[in-house]
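Residue-level structure breakdown
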Amino acid sequence: MRALIWDGHELNFNPSHPTPTPRSKIEDRESRIVGATGGRPERSENQTTLVKVHLAGICATDLQIFQGYMGFCGVPGHEFVGSVSEGPGDLLGKRVVGEINFGCGRCEDCTRGLSRHCANRRVMGILNADGAFAEYVAVPAANLHLVPDKVSDEEAVFTEPLAAAFEILEQVQLNLGDQVLVLGDGKLGNLCAQVLKLTGASVTVLGKHQDKLKLLKRAGVRTILLADWQPRQFDVVVEATGSASGLELALGAVRPRGTLILKSTIAGNHDVSLAPIVINEITVTGSRCGLFPPALEALEEKSVSVTPLIEKVYSLNDGVDAVKQATRQGARKILLRP
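As the structure is a computational prediction, the values presented were derived from the model and not from experiment.

It is the contact of helix H5 (residues 159-171) with helix H6 (residues 187-197), at a shortest axis distance of 9 Å, that shows an interaxial angle of 45°. On the basis of their axis angle, the class for H5 and H6 is oblique. The way H5 lies across H6 gives a crossing that is right-handed. Taken together, the residues of H6 that come into contact with H5 (itself represented by Pro-161, Leu-162, Ala-164, Ala-165, Phe-166, Ile-168 and Leu-169) are Leu-188, Leu-191, Cys-192, Val-195 and Leu-196.

Below, the structure written as structure tokens:
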């Protein structure tokens, strides 16, 4: 199959990378028999599927991987929508998106429903598992979610980052009128702002790019250009800048006993005093992946707008050029189509 390969130093296009073989021929045959007879097999943690990728998105975490984040080597990419070509009979041919953390299914975290934090987990395109910048990707059946018919591929490919935005609502109680600041006008910052606005909170985005802030204004979100920033404090601050400097700015914008949500994943180290956290008794919450059902529901109901974030769709064959475009200052979402 065709795929992009990161060797730890350079990204290359490989026209003949081995296709994943997630199932034995016996398992595959049994799956097809069950599908043909109309039965619904139980999906266990160790059942895997082969998904034909329709679209894959390049995100900030991918770009950090190319800077050394997580020490990953292999096929990158974790935002995708596709269709099941091999797997349980009830999934064959269905359009799906997939959660990216592959827990072991046996440890204490997994049995407590925290497979996203399994110490032995693999993470698609990030840690010990090939990703979606390829024609096919192997995904545990338990991680897949069906895409509603009303949701296009161009919308569905945003499910994973949109779920990450909804994760904030699983962690923090927001109330009508709460003052919320989102730092960063990129893709994730945009999605976080739209999701938080659904709660009735007063949401403001601080960013550097006029064109990106215009997208947020169209979605009804208040915006401030960084050059015009006059320091003030908010009840909740979401740090989604994707830069090391964002943390210091975020700490200065949280009111005493306020909440700071950290979303950025950075390859480098932060060099910032943590004293304000203690002095101002700030609650700091790390926030990573989220649940897919709320994201898919929002996409189906059109309560969140994602397609304006798309800048360009590249062929997988031109994936190296696509990644270069994604690294350009101010770039919007770049997609790959195998």
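Having put the structure on the table, let's press on.
The next thing to look at is helix H8 (residues 246-253). For the α-helix, the turn length of 3.6 residues means that residues three or four positions removed from each other point alike. Gly-246, Leu-247, Ala-250, Leu-251 and Ala-253 are the residues of H8 that are buried. The buried side chains of H8 occupy one side of the element, clustering within an arc of 165° when seen end-on. Residues of H8 that are buried make contact with strand S11 (179-183), strand S14 (234-239), strand S15 (254-262) and helix H9 (275-279).

A separate point is the sheet that holds S14. Whenever strands of a sheet pair, they do so through backbone hydrogen bonds, lying parallel or antiparallel. The strand order across the open sheet built from six strands is S13-S12-S11-S14-S15-S16, with neighbouring strands paired in parallel fashion. Every interior strand has two partners, whereas the edge strands, strand S13 (222-225) and strand S16 (283-286), have only one. Each strand of the sheet is rotated relative to its neighbour by a mean of 20°, with strand direction disregarded. As paired elements, S15 and S16 share four bridges and run parallel to each other. Following the sheet pairing, Leu-262 is matched in S16 by Gly-286.

With that out of the way, let us pick up the pairing of strand S2 (residues 11-14). For strand S1 (residues 3-6) and S2, the ladder comprises four bridges, and the chain directions are antiparallel. Each residue of the ladder has a partner; that of Leu-4, found in S2, is Phe-13. Connecting S1 to the next strand, S2, in antiparallel fashion are four residues, including Gly-8 with a positive phi near 100°.

To continue, consider the packing of aromatic side chains. Across all of its chains, the model carries two aromatic pairs by this definition. Considering the side-chain rings of Trp-6 and Phe-66, the 5.0 Å spacing of their centres and the 55° angle between planes classify their relative orientation as tilted. Of the two residues, Trp-6 is situated in strand S1 and Phe-66 in the loop between helix H2 (60-65) and strand S4 (79-86); the sequence distance between them amounts to 60 residues. For Trp-6, a relative accessible area of 7% puts it in the buried group. Between Trp-229 and Phe-234, the aromatic rings sit 6.5 Å apart at their centres with planes inclined by 20°, giving stacked as the arrangement. You can call Trp-229 buried: its relative accessible area is 14%. Overall, the relative accessible area of 0% leaves Phe-234 in the buried class.

So, about unusual backbone geometry. In terms of backbone geometry, most residues other than glycine have negative phi values and most peptide bonds are trans. Positive phi outside glycine occurs at Met-70, with the angle close to 70°. Residue position: Met-70 is located in the loop between H2 and S4. Positioned with a positive phi, Glu-281 is a non-glycine residue whose angle comes to about 50°. Residue placement: Glu-281 occurs in the loop between H9 and S16. According to the relative accessible area criterion, Glu-281 is partly exposed, its value standing at 44%.

What counts and what doesn't
- Residues numbered from 1 in each chain as written.
- Predicted model: local features only at pLDDT ≥ 70, side-chain atom pairs only at ≥ 80, totals over all residues.
- Heavy atoms only, no water.
- Axes fitted to C-alpha atoms, helices over the stretch in contact; angles between N-to-C directions.
- Helix = DSSP H or I, 4+ residues; strand = E, 2+ residues; numbered from the N terminus.
- Parallel < 35°, antiparallel > 145°, perpendicular 65-115°, else oblique.
- Left-handed = near helix turned anticlockwise from the far one by under 90°.
- Contact = heavy atoms within 4.5 Å.
- Buried < 20%, exposed > 50% of the residue type's maximum accessible area, 1.4 Å probe, protein only.
- Arc of directions from axis to C-beta.
- Pairing = 2+ DSSP bridges.
- Phe/Tyr/Trp six-rings, centres within 6.5 Å; stacked < 30°, edge-to-face > 60°.

Limitation: the analysis is restricted to geometry and does not speak to function.
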